[in-house]
Amino acid sequence: MPDLEFRSEDACFRVHLPQPLVRKLLKLCLASKRHETGGILVGHYSEALDCARVREASGPPPDSARGLTWFERGTKGLQALLDRSWNSRRDHYLGEWHFHPFAAPIPSATDLRQIMAIARAPRYRCPEPLLLIVGGDPTGEWSISVHVVPRDAEAVLLSQV
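Here is a short report on the structure shown in this document. Not measured: the values here are computed from a predicted model. (Residues numbered from 1 in each chain as written. Predicted model: local features only at pLDDT ≥ 70, side-chain atom pairs only at ≥ 80, totals over all residues. Heavy atoms only, no water.)

### Some words on the environment of Leu17
By the secondary structure assignment, Leu17 is in strand β2 (residues 14-17). The exposure class of Leu17 is buried, given its relative accessible area of 0%. Residues Leu17 and Asp3, 14 residues apart in the sequence, show an inter-C-alpha distance of 5.8 Å. Residues contacting Leu17, with those up to four places away along its chain left out, are Asp3, Leu4, Phe6, Val22, Val54, Leu132 and Ile144. (Helix = DSSP H or I, 4+ residues; strand = E, 2+ residues; numbered from the N terminus. Buried < 20%, exposed > 50% of the residue type's maximum accessible area, 1.4 Å probe, protein only. Contact = heavy atoms within 4.5 Å.)

### Concerning the nonpolar core
Ranked by internal contacts, the top residues of the largest apolar core, which has 23 residues, are Val15, Leu17, Leu132 and Ile144. Secondary structure elements with two or more residues in this core: β1 (4-7), β2, α1 (19-32), β4 (51-57), β7 (92-101), β8 (130-136) and β9 (142-148). Looking at this core, the element that brings in the most residues is α1, giving five residues. Listed in part, the 14 residues of the second largest apolar core include Leu82, Ile115, Ala119 and Ile133. (Core = buried A, V, L, I, M, F, W, Y, C linked by side-chain atoms within 4.5 Å.)

### Focus on the packing of aromatic side chains
As enumerated under the stated definition, the model contains one aromatic pair in all. Measuring from centroid to centroid gives 5.3 Å for Tyr93 and Tyr124, while their planes differ by 45 degrees, and the two rings are tilted. With a gap of 31 residues between them, Tyr93 in strand β7 and Tyr124 in the loop between α3 (109-120) and β8 connect regions that are remote in the sequence. On the accessibility criterion, Tyr93 (8% relative accessible area) is buried. Residue Tyr124 is classed as partly exposed on the basis of its relative accessible area of 22%. Directly above the aromatic system of Phe102 lies the positively charged group of Arg34, at a separation of 4.5 Å from the ring centroid. (Phe/Tyr/Trp six-rings, centres within 6.5 Å; stacked < 30°, edge-to-face > 60°. Lys NZ or Arg CZ within 6 Å of the ring centre and 35° of its normal.)

### With respect to α1
When the terminal C-alpha atoms of α1 are compared, their 20 Å separation across 14 residues agrees well with the 20 Å that a helix rising 1.5 Å per residue should span. Where α1 is concerned, the buried positions are Gln19, Leu21, Val22, Leu25, Leu26, Cys29 and Ser32. Along α1, the residues classed as buried sweep out an arc of 160 degrees about the axis, all on the same side. Along α1, exposed side chains directed more than 90 degrees from the buried face belong to Lys27 and Ala31. Directly beyond the C-terminal end of α1, a positive phi value near 60 degrees is found at Lys33. (Expected span 1.5 Å × (residues − 1). Arc of directions from axis to C-beta.)

By themselves, these observations are geometric and do not establish any function.
Put into structure tokens, the structure is as follows:
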């Protein structure tokens, strides 16, 4: 499996996912079985600031809650992960990811509301967050969608290149 790259139709936004990160996401989804799961995305932007390079995806924090069709990400342990990432590589919070088991990776209205709220929330310091969704069967047919919320705009779907 090669690295995955996504970009907006106008090529203003790009996201790079290294192959080991994709494998990690699929393992986390597989471990979750039929329940949704998720976490945060950590990485950095290219020098031209046109490509988010995701280097880490957390698993679900222990204080997360989940069900067959919903996931509420907790926060326990995330600040320590962000501190380590910043101190070792200057990586920072890029957005959220979650799993839609045996379903398409299409964001729900709740998903879009949450990522738009993150874009507006000063405490996240992330005015253009990513929303990555893994959908399908992690042992068979699966796909990933990536969305970005540009400043003061609606979410934009990025297409795999």
